Amino acid sequence: MELKVLVDNNTIIDKYYLGEPGVSYLITEGDVKLLFDVGYSDVFIQNAEKMNESLMDVNFIVLSHGHNDHTGGLVPLIKHYSQAQDAGVSFTKPMIISHPDALSHKEYDGDGIGSTLDKQTLSQYYDIQLSKAPVWITENLVYLGEIERGNDFENIDPIGLCEKDGQLVDDHVKDDSSLVYKSPEGLVIITGCSHAGICNIIEYAKKVCNDDRIVDVIGGFHLISPSDLQSKGTLKYFEENTISNIHPCHCTSLEYKIKLSKFSDVLDVGVGLSLSYS
């Protein structure tokens, strides 16, 4: 599997890529090519072009959750494909995979923070598979679906409100999910924001894949200003578990990268980074 960072808060030095507070990874596994999140704008398209990466042959778009810093790029992507069609350029129509709540209305302090496009609108352009259960995209690559939340220190407080059955309710971001690649050496876990809790995600990945070995974890860890409860629980978890390499980024503060470095090798992330796993 190969993973290329198209969007992150940071960019690789000496390369004229664009950064924004969002996430988008271009992942290739065998004959399958997918986008994991699409950032906030068209930045991921611009960066892909600078990397000489085509988005015309993407098979899947996996959305980690419904917040607009992970789904906003769907609008310019539709335009990107429409322009290709007008120019007579052939392209693959990708399928969107996500949790059923990912395309629901979401807001924080009265401001919309969810996907600009709802399911009905998106279905005019893409096939959509919404699932709470894990979805095996390839023999070795799985979308986890709804993460089991088994500990008592993560995902305690809601992030704004979401629409459920026509009403606005506290949003504990049940749609937050991840991808996992099963390598011969163990699991590579790919996260968006980890609203479900990075420790919950790791444990559920182990369960779904029936493998306790962790090769790497890359993505947002949702550790900007965690509560004391979350902070102590997360650091204790990493102290007690063998997780050699991690690539925390996006919504992870420098403070917690330093704290996590006591237990795992913390590796840098930025737009332009390319990672390969056997």
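Residues numbered from 1 in each chain as written. Predicted model: local features only at pLDDT ≥ 70, side-chain atom pairs only at ≥ 80, totals over all residues. Heavy atoms only, no water.

Q: Could you give an account of helix H6 (residues 228-240), with specific residues and numbers?
A: With 13 residues, H6 extends 18 Å between its outermost C-alpha atoms, agreeing within 8% with the 18 Å of an ideal straight helix rising 1.5 Å per residue. Of all the positions in H6, only Gln-230, Ser-231, Gly-233, Thr-234, Leu-235, Tyr-237 and Phe-238 are classed as buried. Next to the buried residues of H6 lie helix H5 (198-209), strand E16 (243-249) and helix H7 (254-260). (Helix = DSSP H or I, 4+ residues; strand = E, 2+ residues; numbered from the N terminus. Expected span 1.5 Å × (residues − 1). Buried < 20%, exposed > 50% of the residue type's maximum accessible area, 1.4 Å probe, protein only. Contact = heavy atoms within 4.5 Å.)

Q: Tell me about the sheet that holds strand E1 (residues 2-7), and name the residues and values.
A: Strands pair in a sheet through their backbones, by hydrogen bonds, and they do so in one of two ways: parallel or antiparallel. Strand order in the open sheet formed by 7 strands is E8-E5-E4-E3-E2-E1-E18, and the pairing between neighbours is mixed. Looking at strand neighbours, the two that pair on one side only are strand E8 (127-130) and strand E18 (274-276), the edges of this open sheet. Within the sheet, the average angular offset between the axes of one strand and its neighbour, ignoring direction, is 20°. The pairing of E1 with strand E2 (residues 24-29) spans 5 bridges and is antiparallel. If you follow Val-7 over to E2, its bridge partner there is Ser-24. The sheet strands contacting helix H1 (residues 43-50) are E1, E2 and strand E3 (32-36), and the helix crosses E1 at an angle near 125°. (Pairing = 2+ DSSP bridges. Axes fitted to C-alpha atoms, helices over the stretch in contact; angles between N-to-C directions.)

Q: How would you summarise the packing of H1 against helix H3 (residues 74-86) if you had to cite specific residues and measurements?
A: Here H1 crosses H3 at 50°, and the two axes come no closer than 8 Å. By the angle class used here, H1 and H3 are oblique. Contact with H1, carried on its side by Phe-44, Ile-45 and Glu-49, involves Pro-76, Leu-77 and His-80 of H3 and no other residues of that element. Residues belonging to the contact of H1 with H3 are distributed by class as follows: 4 nonpolar, 1 polar and 1 charged. (Parallel < 35°, antiparallel > 145°, perpendicular 65-115°, else oblique. Nonpolar A, V, L, I, M, F, W, Y, C, P; charged D, E, K, R; others polar.)

Q: Outline unusual backbone geometry, supporting the account with residue identities and numerical values.
A: Even without being glycine, Asp-37 reaches a positive phi, approximately 70°. Locating Asp-37 in the fold gives a position in the loop between E3 and H1. With a phi angle near 55°, Asp-109 is a residue other than glycine that sits in the positive phi range. Tracing the backbone shows Asp-109 in the loop between strand E6 (106-108) and strand E7 (111-112).

Q: Please set out the pairing of strand E15 (residues 214-220) residue by residue, giving values where relevant.
A: Of all 7 residues in E15, 6 are buried, a share of seventy percent or more. With 4 bridges joining them, strand E14 (residues 186-191) and E15 adopt parallel strand pairing. Across the sheet, the residue bridging to Ile-190 is Ile-218, located in E15. In the classification by handedness, the crossover that spans E14, the intervening H5 and the parallel E15 is right-handed. Bridge count for E15 against E16 is 6 bridges, and the pairing is parallel. (Right-handed = clockwise from strand over helix to strand, strands pointing away.)

Q: Before we move on, can you summarise the sheet that holds strand E13 (residues 178-183) with the specific residues and values?
A: Taken in spatial order, the 7 strands line up as E9-E10-E13-E14-E15-E16-E17 in an open sheet, and their pairing is mixed. Each edge of the open sheet is held by one strand with a lone partner, namely strand E9 (135-136) and strand E17 (265-266). With 3 bridges connecting them, strand E10 (residues 141-143) and E13 associate as antiparallel partners. Paired with Tyr-143 across the two strands is Leu-179, which belongs to E13.

Q: So, the packing of aromatic side chains: which residues are in play, and what are the values?
A: Taken as a whole and judged by the stated rule, the model has 4 aromatic pairs. Between Tyr-81 and Phe-91 the ring centres are 5.0 Å apart and the planes differ by 10°, which places this aromatic pair in the stacked class. On the criterion of sequence distance, the pair formed by Tyr-81 in helix H3 and Phe-91 in the loop between H3 and strand E5 (95-98) is long-range, its members being 10 residues apart. The exposure class of Tyr-81 is buried, given its relative accessible area of 5%. Aromatic rings pair up to connect Phe-221, Tyr-237 and Phe-238 into one cluster. (Phe/Tyr/Trp six-rings, centres within 6.5 Å; stacked < 30°, edge-to-face > 60°.)

Q: An account of the side chain of His-67 is requested, with residue identities and associated values reported.
A: With respect to the element layout, His-67 can be found in the loop between strand E4 (60-62) and helix H2 (68-71). Its relative accessible area of 5% is what places His-67 among the buried residues. A distance of 3.4 Å separates the side chain of His-67 from the side chain of His-195, its partner in a polar contact. (Polar contact = N/O pair within 3.5 Å; in protein donor to acceptor, adjacent residues only side chain to side chain.)

Q: Go over the environment of Lys-106 with me, naming the residues and quoting the values.
A: With respect to the helices and strands, Lys-106 occurs in strand E6. Of the residues examined, Lys-106 reaches a relative accessible area of 1% and is grouped as buried. With 39 residues separating them in the primary sequence, Lys-106 and His-67 have C-alpha atoms 7.5 Å apart. Those residues in contact with Lys-106 that lie beyond four places of it in its chain are Gly-66, His-67, Asp-101, Asp-111, Gly-112, Ile-113, Gly-114, Leu-161, Cys-162, Asp-171 and Asp-175. Looking at Lys-106, its side chain comes within polar contact range of the side chain of Asp-171, at 2.8 Å.

Q: Kindly report on H3, identifying the contributing residues and their values.
A: A rise of 1.5 Å per residue sets the reference length of H3, with its 13 residues, at 18 Å; its end C-alpha atoms lie 18 Å apart and thus fit the reference within 8%. Buried within H3 are the following residues: Leu-74, Leu-77, Ile-78, His-80, Tyr-81 and Ala-84. Down the axis of H3, the buried set is contained in an arc of 160°. They therefore lie on one face. Facing away from the buried surface of H3 by more than 90 degrees, the exposed residues are Lys-79 and Asp-86. Where H3 is buried, its residues contact E3, H1, E4, H2, E5 and helix H4 (119-122). (Arc of directions from axis to C-beta.)

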